Amino acid sequence: MSKVLSILKVALRNPIKTLAKINIRNIRSLLYALKYEDSNTIENNFYNLIKLDQLNAADTSAAQADNAHKQSNQAIVPLSKQDEEFYNTWDDKYIIKHYNELDNLDSIQNVIGRNIAIIADLNLPQCKKYRVIQKIELLKRKNIQCDFSHWLDVPRSLKLMQTATTVIFYRIPYSKLSAVYLNEAIRLSLNVGYDIDDPIFDRVLYKKNENLNILDKKEKAELLKNSRHYVNMIRQCDFVTTSTPYLKTVLSRFTKSPIYLWRNLMDAQSLNAADITKNTSTRRSEKEDDFVIGYMSGSRAHEADFKTAKSALLSILRQYDHVNLVIVGYADSAKQLQQEFKKRVTLIPFSNYYDYMSTYAKIDLNIIPLLINEFNECKSAIRFLESSLLSIPTIVSHVGDFKNIIEHKVSGYFIYTNSEKEWKEGIEWCIKRRKNMTEMGLKAENGVKKSYSTIEYDSQSVENQIFEREF
Amino acid sequence: MSKTKYLNVNSKKKLLSVNVYYAPKSFGGATVVAEEINLRLKNNFNWDITVITTFQDKSYYPYHLKKYRIKDVNVIAINLPEHSSYELIYRNENIADIFANIIKSIKPNFAHIHSIQHIGSSFINALHANKIRTVLTIHDCWWICERQFMINKAGRYCFQKKIDPMACMYCVDDISRFEKRSEYLNEVLSKIDLFLFPSDFHRQVHIDNGIDPKKCMTNKNGIMMPSVNYKKVQSKIIRFGFTGGPGKIKGYELILEAFSKVALNNYELVVVDGAKNLGKSWSHAFKNAKIEGKIRIMPPYTQNTMDDFYKHIDVLLFPSQWKESFGLTVREALVRDIWIISTNGGGTTEDLVEGENSHIIPISDNSDYLLEAILECFDKNFQKFDNKYKQNITTYEDQSQELNDILIALDQIVSHDS
């Protein structure tokens with residue numbers, strides 16, 4: 001509460017300047033700050049944002065001059081604007097004090113042992129699961145000491161780095177704070193890795209993502225502008241890990257450091273959730289009268305993807321009375337389907353991972369429509385892996401990592417062109433061959449369990465060399 | 001390019017060295033020994049050393065870590081909380097957790113523990129659980145006496161051989177917490193593979209108090225040898241040196257009392273103002289002394305500047321009123337051809353030869369023993385005094401060589417046992 005008051009105090013004193021400075025990025029920074037900073041810091045930084053331009057500009061240049069000899073690639077990001085400053089300031093005081101004190105002594109020379117620290121943007125729960133906790137699980141299974149922290153939790157991150165031998169930054173942008181993290185990593189002689197699982201760093205490619213069109217223009221521009229902060233981080237790291245072979249290729253245009261494939265896998269939680277589902281739900285049989293198609297949508301950002309199969313689905317629902325549709329998560333356009341088909345279309349909001357996994361037991365076919373574009377080429381095959389754990393067959397657009405993992409008509413069904421005709425024929429093929437579909441589901445399950453789980457995986461899923469070379 | 005410096009994962013000579021203080025804040029004799037030994041173990045015997053120590057800075061969160069490199073080794077310093085407690089000084093699970101993490105990362109083969117008050121002994125459980133060969137050098141009486149030096153409430157050495165907890169009950173502030181401490185520390189001591197002592201005397205004290213003699217070895221402390229250019233500054237008057245400060249236990253009162261009875265004035269009393277290290281001064285205590293001779297106050301010396309002190313004295317006064325575990329000053333003086341007047345106190349006398357390089361007096365309130373020894377000095381000619389026994393003094397090279405051999409032998413013995 002005192003944090004909110006500290007903002008209001010400054011805002012009320014300078015109402016006009018405050019209003020002039022409110023934009024999405026600043027509000028986001030404020031929300032982070034409310035979560036992680038003390039009220040004094042918030043008040044100071046907020047005041048810095050709205051105080052006179054000249055004063056602030058002078059501060060910035062002095063701070064830059066002070067750090068000029070220490071920060072390797074600082075010049076790439078000019079911190080001229082006040083807004084940049086605000087965005088980049090949150091709170092590096094703690095780490096700066098530590099860094100300056102120890103910078104007077106010798107840097108660490110010979111690193112002994114093995115300990116991995118993951119310093120990550122943990123704001124998206126699915127990213128935390130797939131890119132952070134999964135790594136921790138895999139490393140722990142290999143008996144390698146490791147831990148993780150939120151990158152804005154500076155004391156924890158800094159402490160982890162002190163005993164680490166390798167640090168992996170996940171999805172954090174270049175900022176004043178990350179610049180000191182990099183410096184500290186170099187002082188400690190750590191091997192520095194960067195993990196990224198979406199092409200957020202590639203402005204040109206990211207722009208092609210039609211799913212972004214649901215954002216307003218300014219929001220989209222903001223997102224695209226930030227891509228350079230990610231590039232800046234990637235270029236300063238000793239190695240990079242990423243989730244799909246295509247992303248590996250994209251990344252190789254940005255860095256000469258080694259890039260390792262580290263796929264999203266089915267982890268102990270996923271396996272456990274599948275197990276719970278198997279224990280608590282009865283498997284649907286081939287003899288059921290109805291046929292249920294399931295669409296699982298992780299976020300709002302799949303609207304354009306869903307539309308690629310929407311008209312085919314409409315036509316199927318109109319033609320086949322026994323076909324029902326279950327939709328989990330966000331899908332605005334699905335609501336229109338519900339209006340027409342009432343009880344034949346069920347909408348289930350996303351609640352938690354275990355409930356989410358149990359919905360696979362309610363369906364006969366998992367449908368994954370995706371736009372075929374460069375952005376989706378980067379996509380991993382999580383939704384296929386998940387449904388396969390419960391031996392539910394998948395029909396999916398021929399794009400992304402699905403292409404590498406699924407064998408057409410053996411462990412899944414591909415739609416190559418996304419045409420309405422192809423989608424309709426594909427779905428019909430599945431509806432009419434229920435026995436084949438059961439086999440397809442079992443094949444998929446075997447394949448996933450053999451090569452794409454944290455318990456059993458091969459170098460195709462996580463490139464083994466990383467354990468010898470980087471950890 | 002990936003870095004290829006992570007070569008040490010399989011080294012068999014990885015050592016965790018633990019001491020409450022470490023450079024850049026070198027404080028106390030054990031700290032100096034730990035620093036000098038680590039430097040030589042690393043450079044002469046190729047050990048991979050990680051030092052764990054502490055610091056205190058309330059502007060960081062408690063248990064914040066700072067890793068840095070100093071004196072050729074990597075150091076991880078743990079920030080101790082601002083407010084400690086009786087219990088936290090000997091038992092600290094937070095620090096044990098930090099150790100567990102470090103052990104699992106580094107996978108050391110050995111741990112060498114020095115002074116650990118304030119670090120607490122709980123981390124030894126983590127070493128034991130991870131089967132790390134653990135060597136403890138006992139520099140003082142912290143493990144068997146909550147007052148650390150067997151100096152009682154009244155400021156006197158307690159002279160117990162086998163410590164009777166019934167006697168200690170009258171000396172401590174709180175009996176039950178004292179008992180809990182002893183119980184806990186004894187349990188931890190049972191997890192140590194080998195005990196080292198800076199003197200035979202100190203070894204015997206701990207054997208008398210229940211430590212298995214088979215696990216106890218003497219590994220005499222080394223000392224800093226004089227520089228090759230070291231040469232005493234000649235003087236017509238005798239110069240007596242004292243490094244102890246105005247504490248009863250170091251014999252300060254006895255010195256002033258004895259000199260007040262010396263009717264000569266052809267001498268100088270050279271005292272080191274050790275309190276300056278802590279931002280204070282002892283000079284007032286000496287300036288007002290009523291003695292005939294001249295008093296000269298010298299600033300505190302470091303390992304590198306000690307020659308500047310010793311070259312100005314002929315006799316070192318060491319009338320310590322307790323039984324020291326080693327007696328670093330006495331050895332530093334002996335190798336610099338300085339005559340010693342020392343009480344018969346513990347490890348101090350083990351390199352002294354009565355009448356040849358020193359005069360040994362009893363621990364006593366009576367200043368006449370000291371007076372007699374001082375007066376004898378006026379009949380000696382110190383200008384050409386040469387200590388014939390100085391080659392017997394252990395150097396840091398000797399100590400680290402011996403420690404290296406001990407660690408390697410221990411590895412074989414413990415492997416054989418298991």
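Keep in mind the model is a prediction, meaning the values are calculated, not measured.

On to the overall build of chain A. Counting its regular elements, chain A contains 24 helices and 12 strands. The 471 residues of chain A split such that 58% are buried. Counting contacts in chain A only where the partners sit at least 6 residues apart, residues at least 24 apart contribute 75% of the total. Here chain A has roughly 20000 Å² of accessible surface; of this, 53% comes from carbon and sulfur atoms.

Moving on, we get to the sheet that holds strand E7 (residues 194-197) of chain B. Residues and elements named next belong to chain B. Spatial strand order, E3-E4-E2-E1-E5-E6-E7-E8: eight strands in an open sheet with mixed pairing. The strands lining the two open edges of the sheet, one partner per strand, are strand E3 (65-70) and strand E8 (216-218). On average, each strand axis in the sheet is inclined to that of its neighbour by 25 degrees, with strand direction left out of account. Bridge count between strand E1 (residues 14-18) and strand E2 (residues 48-55): five bridges; the pairing is parallel. Paired with Lys14 across the two strands is Asp48, which belongs to E2. Running over the sheet, helix H3 (residues 93-106) touches E1, E2, E3 and strand E4 (73-79) and is turned about 160 degrees from E1.

All names here are of chain B. Pairing within the open sheet is parallel, and its six strands lie in the order E11-E10-E9-E12-E13-E14. What marks the edges here is a single partner per strand, and that holds for strand E11 (294-298) and strand E14 (358-361). Across this sheet, the average inter-strand angle for adjacent strands is 20 degrees, counted without regard to direction.

Once that is clear, we can look at the interface of chain A and chain B. Of the residues lining the interface, 34 residues belong to chain A; the matching set on chain B comes to 32 residues. It is Tyr94, Ile112 and Lys159 of chain A in chain A that bury the most area against chain B; as a group they hold 20% of the surface buried on that side. Summed over the shared surface of chain A and chain B, the number is 18 residue pairs in polar contact (both at pLDDT 80 or more). Secondary structure elements with two or more residues in the side of chain A that touches chain B: helix H7 (93-103) and helix H9 (154-163) of chain A. Within the side of chain A that touches chain B, the residues separate by chemical class into 12 nonpolar, 13 polar and nine charged.

A separate point is the confidence of the model for chain B. Residues and elements named next belong to chain B. Chain-level pLDDT for chain B is 93 on average; 96% of the residues reach the 70-or-more range. Segment residues 1-7 is flagged for pLDDT under 50; beyond a separation of four residues in sequence, or across chains, it makes 18 contacts in the model. Interface confidence for the predicted complex, given as ipTM, is 0.85, next to a pTM of 0.84.

The next subject is H3 of chain B. Residue and element names in this part refer to chain B. Taking 1.5 Å of rise per residue, 14 residues should cover 20 Å, and H3 covers 20 Å from first to last C-alpha, within 8% of that figure. Buried within H3 are the following residues: Ile95, Ala96, Ile98, Phe99, Ala100, Ile102, Ile103, Ser105 and Ile106. Two to three positions downstream of the cap, the backbone nitrogen of Asn94 sits 3.0 Å from a side-chain oxygen, assigning the N-cap of H3 to Asn92. Phi for Lys107, located one or two positions after H3, is positive at around 50 degrees.

Attention now moves to the pattern of salt bridges. All names here are of chain B. Under the definition given, this model contains 46 salt bridges over all chains. A salt bridge links Asp314 to Lys232, with the shortest nitrogen-to-oxygen separation between them at 3.9 Å. Here Asp314, found in the loop between helix H10 (306-310) and strand E12 (315-318), pairs with Lys232, found in the loop between E8 and strand E9 (238-242); they are 82 residues apart in sequence, far enough to count as distant. The exposure class assigned to Asp314 is buried, which follows from its relative accessible area of 6%. In this structure, the salt-bridge partner of Lys311 is Asp308, at a minimum N-O distance of 3.6 Å. For Lys311, a relative accessible area of 24% corresponds to the partly exposed category.

Scoring rules and cut-offs
- Residues numbered from 1 in each chain as written.
- Chains lettered and ligands numbered in written order.
- Predicted model: local features only at pLDDT ≥ 70, side-chain atom pairs only at ≥ 80, totals over all residues.
- Heavy atoms only, no water.
- Helix = DSSP H or I, 4+ residues; strand = E, 2+ residues; numbered from the N terminus.
- Buried < 20%, exposed > 50% of the residue type's maximum accessible area, 1.4 Å probe, protein only.
- Contact = heavy atoms within 4.5 Å.
- Areas by Shrake-Rupley, 256 points an atom, 1.4 Å probe, with all protein chains shown as cover.
- Pairing = 2+ DSSP bridges.
- Axes fitted to C-alpha atoms, helices over the stretch in contact; angles between N-to-C directions.
- Buried area = accessible area lost by both parts, 1.4 Å probe.
- Polar contact = N/O pair within 3.5 Å; in protein donor to acceptor, adjacent residues only side chain to side chain.
- Nonpolar A, V, L, I, M, F, W, Y, C, P; charged D, E, K, R; others polar.
- pLDDT = per-residue confidence, 0-100.
- Expected span 1.5 Å × (residues − 1).
- Salt bridge = Lys/Arg side-chain N within 4 Å of Asp/Glu carboxyl O.

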